[in-house]
Amino acid sequence: MQKEPYSIVFLSDFGYNSHYPAICKGVIFSINPHINIIDLTHHISPFNITSANLLLKNSFLYFPSNTIFLCVVDPGVGTKRKGIIIKAFNRFFIGPDNGIFSFIENHYIEKIIFIKNKSYFLSNISNTFHGRDIFAPVAAFISTGTPIENFGIPLKNIKRIKIPTPTFKNNTIYGKIIDIDHFGNLISNIEKEFIEKHFTNNKKLSATIANNPHFIPLRKTYSSVKNGAPVAIINSFNLLEISINRGNAEKYFNATLGTPIALTTR
Amino acid sequence: MQKEPYSIVFLSDFGYNSHYPAICKGVIFSINPHINIIDLTHHISPFNITSANLLLKNSFLYFPSNTIFLCVVDPGVGTKRKGIIIKAFNRFFIGPDNGIFSFIENHYIEKIIFIKNKSYFLSNISNTFHGRDIFAPVAAFISTGTPIENFGIPLKNIKRIKIPTPTFKNNTIYGKIIDIDHFGNLISNIEKEFIEKHFTNNKKLSATIANNPHFIPLRKTYSSVKNGAPVAIINSFNLLEISINRGNAEKYFNATLGTPIALTTR
Amino acid sequence: MQKEPYSIVFLSDFGYNSHYPAICKGVIFSINPHINIIDLTHHISPFNITSANLLLKNSFLYFPSNTIFLCVVDPGVGTKRKGIIIKAFNRFFIGPDNGIFSFIENHYIEKIIFIKNKSYFLSNISNTFHGRDIFAPVAAFISTGTPIENFGIPLKNIKRIKIPTPTFKNNTIYGKIIDIDHFGNLISNIEKEFIEKHFTNNKKLSATIANNPHFIPLRKTYSSVKNGAPVAIINSFNLLEISINRGNAEKYFNATLGTPIALTTR
């Protein structure tokens, strides 16, 4: 079987009004002029490691084998936090060892490399932009076929952050909002599997948000309620989501990251 | 003559702070790792079919033959609205059959296919993200040379939305604002041809906005009035546009989509 | 030595909510379907030639030889301002002759061409969108190997804008904020070299902003102060920058472009 070509998927909290992502791309193209680079997003909220971890978890399998994920959400840049390469799922993950790769469980990890070999870095290393000076050139050299062992020394473990999980008591699932998208859809940490474990019949379920008395019916599509009405769905990442059909749930419920969500029979 | 290579032009209302476009690209690259993907825009205002239709109309001819337009503005996702492929102008248009392709007049359409063949879809189809599950893989398979007949069954007609057209009475053209760009330029539905049909001499024309008493001279360039002054021009899409030279007409006139625009001799 | 392939780096003030950049790309791909296009940024603040000049200065060297910089910040579009191509640093710079290329000092310039040859333009030239009609096709034809002499006639000089420089008196460097990034970092016009010329010991320096009495210590990394505390650093472009560790200095200090910055011993 032919190996799939390398490509680089780029995630950061640099923002699209920034030229930082383009400069990293310039560094990459200087090393590998023929590589394909895809922006996953540069709109991770600044320094939000939890959000980057969630997004990577829900996205990486849609990219082919040999994809190199260049992940720069790096509040500790310039300190002693490590830079790492993880090989897992036939893919490569490059970035700071600060928890952004927590979604990769230990038994899926084939190899971890602590990036040390300065011969692959830019010649001047800043204290504020390792995306440009270290991570981008390392990603580029991997894409030219450099074995990851060349970049440093093996590690046993990566740093992990605690991801909030939902709970179940009194016939109710309690979770919270962990992401809000461009449409104002409120995405919770309540997974489809967790719902199916605790309730046998989806059709009788309703969600509530914080102290709002509104019961929001769980349906299959946004359009199964009338325009402007709230609806709960299992979204395309198998997470419980609260939406307004053709509207904006963030504004409707005045909700923010962390707002409690509950799901119960009614 | 050599056929031009396929490329995919991607339009959606997902927003740039979203990872949804990148996930669709991952799906596409998993099928065709060598395809060129260009973001037309992901900043269509959410669910705005009229705006997507206008933007496609003004853009598609600037892309070469064999371009595949992947168009995901899809408020009815998960309902019985059809997914379609249109072949027209030696290009391909893929998306929901909800009116976003209204600009393609019937006599230009070579073929319409109602997308039905699940063997080209991702294996799990969500109710909320057909961009990823259906439209992206279909676009990718077209780019590998799959004949569009393979994806489903022929249709006779597409759904069309009513586009507002300007009117002429009492020596005045009446239209309205249908788009506002990043510079705050106010773009009307009044086409150059419509103006030339009703007025023989452009040089005597002035525009007005809503009930604002200001007469705005029709000129050839923004810079033909002084900095900060209003000016009307025929813009690069042959539409009447109201601007402020080196300023922002949206803020200046407090204008919004739908605000009336008039053009008359003075 | 093999020549590096051409690629096009695209800078404008069109904004990412705009389809204007994509239309320029369509024009380019119609001429050269295999060219690699990288968005440097489209979020230059509208008409801000000074900002475009600074960003190009800090970015261009990270892109390989033979890169073509397509630079469209063009408030004078449609007037008699010239369109130019500059060959310098083994790279090409295309755009209006309005000062955006001021960072290229005369002795680095190999050639300047005043773009005149209409046979390389789109057939209809608007008065408002030379990015699409002139600059994009010229960039595309350069990328196919067309000698730049073909596009017009040589010029001796380019237009230059005056860039504000810092001053030194009473043992203090006085500068100002010239850029604010997505993280709210305040970037000044005070270069590392200027600091080293006037102070021999970095470790004793502190910055101040406008009339704020706070002394901000100059450190090596953001994280050398506690979370939420102000810090001054020499950033990755060798400019003095004021930041809040894991926070937003723009909001903290209520600072804007032009706000005075000072640096002194203490």
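Residues numbered from 1 in each chain as written. Chains lettered and ligands numbered in written order. Predicted model: local features only at pLDDT ≥ 70, side-chain atom pairs only at ≥ 80, totals over all residues. Heavy atoms only, no water.

Enquirer: How do you make sense of the interface of chain C and chain A when you look at a structure like this?
Expert: By convention, interface size is frequently given as the accessible area that disappears when the constituent parts associate. Tallying the contact residues gives 30 residues for chain C and 31 residues for chain A. Taken together, both faces of the contact between chain C and chain A bury some 2,600 Å²; the carbon and sulfur share is 66%. It is Tyr62(C), His182(C) and Phe183(C) in chain C that bury the most area against chain A; as a group they hold 26% of the surface buried on that side. For the pair chain C and chain A, the interface holds zero salt bridges. Counting across the interface, chain C meets chain A through eight residue pairs in polar contact (both at pLDDT 80 or more). The element contributing the most residues to the side of chain C that touches chain A is strand E2 (residues 36–41) of chain C, with five residues. Its residues placed into classes, the side of chain C that touches chain A shows 13 nonpolar, eleven polar and six charged. (Contact = heavy atoms within 4.5 Å. Buried area = accessible area lost by both parts, 1.4 Å probe. Salt bridge = Lys/Arg side-chain N within 4 Å of Asp/Glu carboxyl O. Polar contact = N/O pair within 3.5 Å; in protein donor to acceptor, adjacent residues only side chain to side chain. Helix = DSSP H or I, 4+ residues; strand = E, 2+ residues; numbered from the N terminus. Nonpolar A, V, L, I, M, F, W, Y, C, P; charged D, E, K, R; others polar.)

Enquirer: Would you take a moment to explain the relation of the copies chain C and chain A for this structure?
Expert: For the pair chain C and chain A, the superposition axis carries a translation of 0.0 Å, the fit reaches an RMSD of 0.0 Å, and the rotation angle comes to 120°. Here the two chains are linked by the operation of a three-fold rotation axis. Looking at chain C, a mere 7% of its interface residues are interface residues in chain A too, so the copies touch through different faces. (Least-squares fit on C-alpha atoms with pLDDT ≥ 70 in both.)

Enquirer: Honestly, the sheet that holds strand E2 (residues 36–41) of chain A in this entry has me stumped. Any pointers?
Expert: Think of a sheet as strands paired side by side through backbone hydrogen bonds, with each pair either parallel or antiparallel. All names here are of chain A. A sheet is described by the order of its strands in space; here seven strands give the open sequence E2-E1-E3-E5-E4-E6-E7, paired in mixed fashion. Each end of this open sheet is capped by a strand with a single partner; those strands are E2 and strand E7 (152–154). Between one strand and the next, the sheet's axes are offset by a mean angle of 25°, whatever the strand orientation. In terms of strand pairing, strand E4 (residues 83–88) meets strand E6 (residues 109–115) through five bridges, oriented antiparallel. (Pairing = 2+ DSSP bridges. Axes fitted to C-alpha atoms, helices over the stretch in contact; angles between N-to-C directions.)

Enquirer: So what exactly am I meant to see when it comes to the environment of Tyr108(A) here?
Expert: Residues and elements named next belong to chain A. With respect to the helices, strands and loops of the structure, Tyr108 is situated in the loop between strand E5 (91–96) and E6. For Tyr108, a relative accessible area of 42% gives the class partly exposed. Along the chain, Tyr108 and Asn235 lie 127 residues apart, while their C-alpha atoms are 25 Å from each other. Contact partners of Tyr108, with chain neighbours within four places excluded, come to Lys87, Ala88 and Phe89. (Buried < 20%, exposed > 50% of the residue type's maximum accessible area, 1.4 Å probe, protein only.)

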